[in-house]
Amino acid sequence: MLEIMSPFLVLGTLGALIGFGLAFAAEKLKVEPDKRMQGIYELLPQLDCGACGYPGCEAFAEGIVEGEVEKLSQCKPGNDKHFNAIIAYLKDHPDEDGNIIKIQK
Ligand code: SF4
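Residues numbered from 1 in each chain as written. Predicted model: local features only at pLDDT ≥ 70, side-chain atom pairs only at ≥ 80, totals over all residues.

Here we take up the overall build of the protein chain. Looking only at helices and strands, the protein chain features 4 helices and 0 strands. Ordered by position in the sequence, the α and β elements of the protein chain form the string α-α-α-α. In terms of overall size, the protein chain is more extended than a compact globule, its C-alpha atoms giving a radius of gyration of 23 Å where 105 residues would be expected to give roughly 13 Å. Looking at the 105 residues of the protein chain, the share that counts as buried comes to 16%. Sequence separation of 24 or more characterises 56% of the internal contacts of the protein chain that already satisfy a separation of 6 or more. (Helix = DSSP H or I, 4+ residues; strand = E, 2+ residues; numbered from the N terminus. Rg over C-alpha atoms; globule rule 2.2 N^0.38 Å. Buried ≥ 20, exposed ≤ 12 C-beta atoms within 10 Å, placed from the backbone. Contact = placed C-beta atoms within 7 Å.)

Two elements in contact, helix α2 (residues 36-43) and helix α4 (residues 80-92), have axes separated by 9 Å at closest approach and are oriented at 160°. Classed by the angle they form, the pair α2 and α4 counts as roughly antiparallel. When the axes of α2 and α4 are compared, the crossing they make is right-handed. Touching G39, I40 and L43 of α2 are H82, A85, I86 and Y89, all from α4. Residues of the contact of α2 with α4, tallied by class, amount to 5 nonpolar, 2 polar and no charged. (Axes fitted to C-alpha atoms, helices over the stretch in contact; angles between N-to-C directions. Parallel < 35°, antiparallel > 145°, perpendicular 65-115°, else oblique. Left-handed = near helix turned anticlockwise from the far one by under 90°. Nonpolar A, V, L, I, M, F, W, Y, C, P; charged D, E, K, R; others polar.)

Quick look at the site of the ligand now. Neighbouring the ligand are 16 residues, the closest being C49, C52, C57, F60 and C75. Partitioned by chemical class, the residues of the shell around the ligand number 11 nonpolar, 3 polar and 2 charged. (Near = placed C-beta within 6 Å.)

In terms of nonpolar packing, the biggest core is built from 15 residues, with I40, L44, F60, A61 and I64 touching the most fellow members. Within the residue set of this core, elements represented by two or more residues are α2, α3 (57-65) and α4. Per-element tally for this core: the top contributor is α3, with 5 residues. The residues contacting I40, other than those within four sequence positions of it, are A61, I64, V65, I86 and Y89. (Core = buried A, V, L, I, M, F, W, Y, C linked by C-beta atoms within 7 Å.)

So, on to the packing of α2 against α3. Running from N to C, α2 and α3 cross one another at 125°; their axes reach a closest spacing of 8 Å. Classed by the angle they form, the pair α2 and α3 counts as oblique. The crossing of α2 and α3 is right-handed. Between α2 and α3, the contacting residues are R36, M37, I40 and Y41 on the first element and C57, E58, A61, E62, I64 and V65 on the second. Considered class by class, the residues forming the contact of α2 with α3 number 7 nonpolar, no polar and 3 charged.

Positive phi outside glycine occurs at Q46, with the angle close to 60°. Take Q46: it is sitting in the loop between α2 and α3. Look at D48: it is not a glycine, yet its phi comes out positive at around 50°. Along the chain, the position of D48 falls in the loop between α2 and α3.

By themselves, these figures tell us nothing about what the structure is for.
Here it is, written out as structure tokens:
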């Protein structure tokens, strides 16, 4: 009987250990997204049209936070209302080191 059960016990134990290891690693290595991304996203037109060269508004907001986006006017449906609001938002929300993202309209 033990001969029949031993592969199941070994594989079950191994699976459980790997599962716990992956769960532990996922928790320890979790990267929190920059909270400013959501704030910027909410100020964009939210059309997800891709005219900016990014796959959607969330990706464009991420590009702004990461310093990839040179000009807000890359967002073609956006206008001064959107761009001014984003610039003001960025001035009010520096990173944890106090650095402010500077970006042109
Ligand atoms: S162009 Fe503007 S509205 Fe269109 S996906 Fe890019 S950020 Fe969103």
